[in-house]
Amino acid sequence: ARCRRGGLAAATSVGAGDLSALTAASIASLGDPKTIREVWNALRPAQREKLTSADPLVIGNLDGIPLRDRVTANRISIQNEIARRRSEVDDLQKQIDELSAHPTRGSSALISVLRARIAEHETYVSSYQDLLEKKWEWKDENRQPVSQVGVNVVVFDPTSSAIGSYYGPIDPQTGDIPAWVKHTAVSVPGTGANMADFSESRAQDLYLASGYDSAVFQWAGGAFPQTIPEATQASYSEKLAPRLASFVDSVNVPSGATMTVLGHSYGGATVGLAEKAGMHADRILYVSAAGMGRGVAGVEDFPNTAHVPHYSMMARHDAVVGLIQGNNGDWNAIHGQSPLNAPSVTRLETGFVDASDHGKGDMESTGVIDSHSKVFTRGSTSFDNMVAVITGSQAELFAPDDLVNTYSGAGPVFIDGVDSPDYSPHYIEVK
């Protein structure tokens, strides 16, 4: 429940009138991110450091805490999780050594199981080390490159399979997105997203392409489906949606800057349900989305984003989610109405793998499976359209299928709009 009292009044009540008595848990109990931010800012640096050291898992995942402090807390949590998993590997290896020294019936099978568990731990440790050691660059207000070691991890909770990263500048005074940033975005991945594969982020590509005055998050704040059968269940998106809404609404977007939320595949359904839960945003983009969320009939179901620009894109013949979408008003489908033909949603073109060289093939040439994710290829028409939505520039509209033969014995013959001899790109200004 959101706290209705003023931040400091609520905090001193929780802390029995003494801010120094506050714990990470008591701050979290305040509920409202704005209240949490007010209380956090009222603490002395030494108090914040003490709270972070005492309970980094809470502070690092607490909506309302400035980005810099969340990153600091999560770095501690990542190091703790690496140590925990390495200790577990040592224990498992001791069991293997014991079984190998004194084999019995079934020892071989058990050793295989233990080795598989070790391999899993090592995969996670390697991924977490990458988060701590990855080298990358962002640009300051003067467009000068700044080198950084370590990803800005703003969500990290192994107990709930939650992770999130941030690519962009951090203000040295506020610890948040600088006032000169004009474009912010949150990218939500799809099926298969997990904590063991998060150091190479699409958010980094979108940030680099969107310009120095942008800031992009990659958010996977809970368990995502890992298989196609799991992806046909709406339960994951229903659990993720309120968390996403809280996270997006807690981002301290600079005055005058825009917030774009884009969801890919299963993440599209998660974004739609977050909108239904009351999330605020300036623009929404559904990328190869499974739907707009279970039970969603259209943008009219969104209390705070019904009137903001909505965009969608998907490669033609996408076989990953194309067959399960609710079309023509069928909002009772697995993941609700399709954003490709929903009223008030503008479909954008996926176009070509190389937007500057159409001879390298259209997005459909990558295959009905690969095209589902290839839309994130840097330099492609689809990727450029994502950047256009984030930055509010020109995006290419979808080119409808072209009727080329009405006399075929099999019926009308259509070709993809981008393959038509008369194809010519048509652009719109993103609002």
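Residues numbered from 1 in each chain as written. Predicted model: local features only at pLDDT ≥ 70, side-chain atom pairs only at ≥ 80, totals over all residues. Heavy atoms only, no water.

1. Notes on empty space enclosed by the protein
Rolled over the atoms, a probe with the dimensions of a water molecule shows which regions are left empty.
Line of reasoning, step 1. Within the structure shown, the criterion is met by two cavities of 30 Å³ or more.
Line of reasoning, step 2. In this structure, the largest cavity encloses a volume near 50 Å³.
Line of reasoning, step 3. Taken together, Arg37, Gly64, Ile65, Leu67, Arg70, Asp176, Phe247, Ser250, Val251 and Asn252 form the lining of the largest cavity.
Line of reasoning, step 4. Of all elements in the fold, only helix H6 (67-101) and helix H10 (235-250) reach the threshold of two or more residues within the lining of the largest cavity.
Line of reasoning, step 5. Looking at the lining of the largest cavity residue by residue, the class counts come to four nonpolar, three polar and three charged.
Line of reasoning, step 6. The calculated volume of the second largest cavity comes to roughly 40 Å³.
Line of reasoning, step 7. Looking at the second largest cavity, the residues that line it are Val71, Asn74, Arg75, Ile78, Leu131, Leu132, Val151 and Val153.
Line of reasoning, step 8. If you list the elements that add at least two residues to the lining of the second largest cavity, you get H6 and helix H7 (107-133). (1 Å grid on protein atoms, 1.4 Å probe; cavity = no way out; pocket = protein on both sides within 12 Å on 5 of 7 lines; lining within 4 Å. Points joined across faces, edges and corners; volume = space filled by probe spheres on them. Helix = DSSP H or I, 4+ residues; strand = E, 2+ residues; numbered from the N terminus. Nonpolar A, V, L, I, M, F, W, Y, C, P; charged D, E, K, R; others polar.)

2. Some remarks on the sheet that holds strand S5 (residues 183-188)
Line of reasoning, step 1. Taken together, the eight strands give an open sheet; going across it, the order is S3-S4-S6-S5-S7-S8-S9-S10, and neighbouring strands pair in mixed fashion. On the outer flanks of this sheet lie strand S3 (152-157) and strand S10 (345-347), each paired with one strand and no other. Across the sheet, the mean angle separating the axes of adjacent strands is 15° when strand polarity is ignored.
Line of reasoning, step 2. In the sheet, S5 pairs with strand S6 (residues 214-221) via five bridges, with the strands oriented parallel. Looking across to S6, one finds that Ala185 is bridged to Val216.
Line of reasoning, step 3. Contacting S5, strand S7 (258-264), strand S8 (283-287) and strand S9 (310-313), helix H11 (residues 266-276) crosses the sheet at an angle of about 135° to S7.
Line of reasoning, step 4. Its contacts with the sheet place helix H13 (residues 381-391) against S5, S7, S8 and S9, and it is angled at close to 165° to S8. (Pairing = 2+ DSSP bridges. Axes fitted to C-alpha atoms, helices over the stretch in contact; angles between N-to-C directions. Contact = heavy atoms within 4.5 Å.)

3. Observations concerning the environment of Val261
Line of reasoning, step 1. Structurally, the position occupied by Val261 is in strand S7.
Line of reasoning, step 2. Taking the C-alpha atoms as reference, Val261 lies 5.6 Å from Ala185; in sequence the two are 76 residues apart.
Line of reasoning, step 3. Other than its neighbours up to four places away in sequence, Val261 contacts Val186, Val248, Val271, Met279, Ala281, Arg283, Ile284 and Leu285.

4. Structural notes on the pairing of S8
On any regular strand, side chains alternate: one points to one face of the sheet, the next to the other face.
Line of reasoning, step 1. Counting buried positions along S8 yields five of five residues, so the element is predominantly enclosed.
Line of reasoning, step 2. Going residue by residue along S8, you find Arg283, Leu285 and Val287 tucked away on one face and Ile284 and Tyr286 tucked away on the opposite face as well.
Line of reasoning, step 3. Pairing of S7 with S8 involves five bridges; the strand directions are parallel. Paired with Thr260 across the strands is Arg283, a residue of S8.
Line of reasoning, step 4. Between S7 and its parallel partner S8, the chain crosses via H11, and the hand of that crossover is right-handed. (Buried < 20%, exposed > 50% of the residue type's maximum accessible area, 1.4 Å probe, protein only. Right-handed = clockwise from strand over helix to strand, strands pointing away.)

5. Looking at the environment of Arg316
Line of reasoning, step 1. The residue Arg316 is located in the loop between S9 and S10 in this model.
Line of reasoning, step 2. Distance from Arg316 to Ser161, taken between C-alpha atoms, is 33 Å for residues 155 residues apart in sequence.
Line of reasoning, step 3. When residues no more than four places from it in sequence are discounted, the contact partners of Arg316 are Arg347, Glu349, Thr350, Glu364, Phe398, Ala399, Asp401, Asp416, Gly417 and Val418.
Line of reasoning, step 4. For Arg316, the side chain forms a polar contact with the side chain of Glu349, separated by 2.9 Å. (Polar contact = N/O pair within 3.5 Å; in protein donor to acceptor, adjacent residues only side chain to side chain.)

The values are spatial; any link to function lies outside them.
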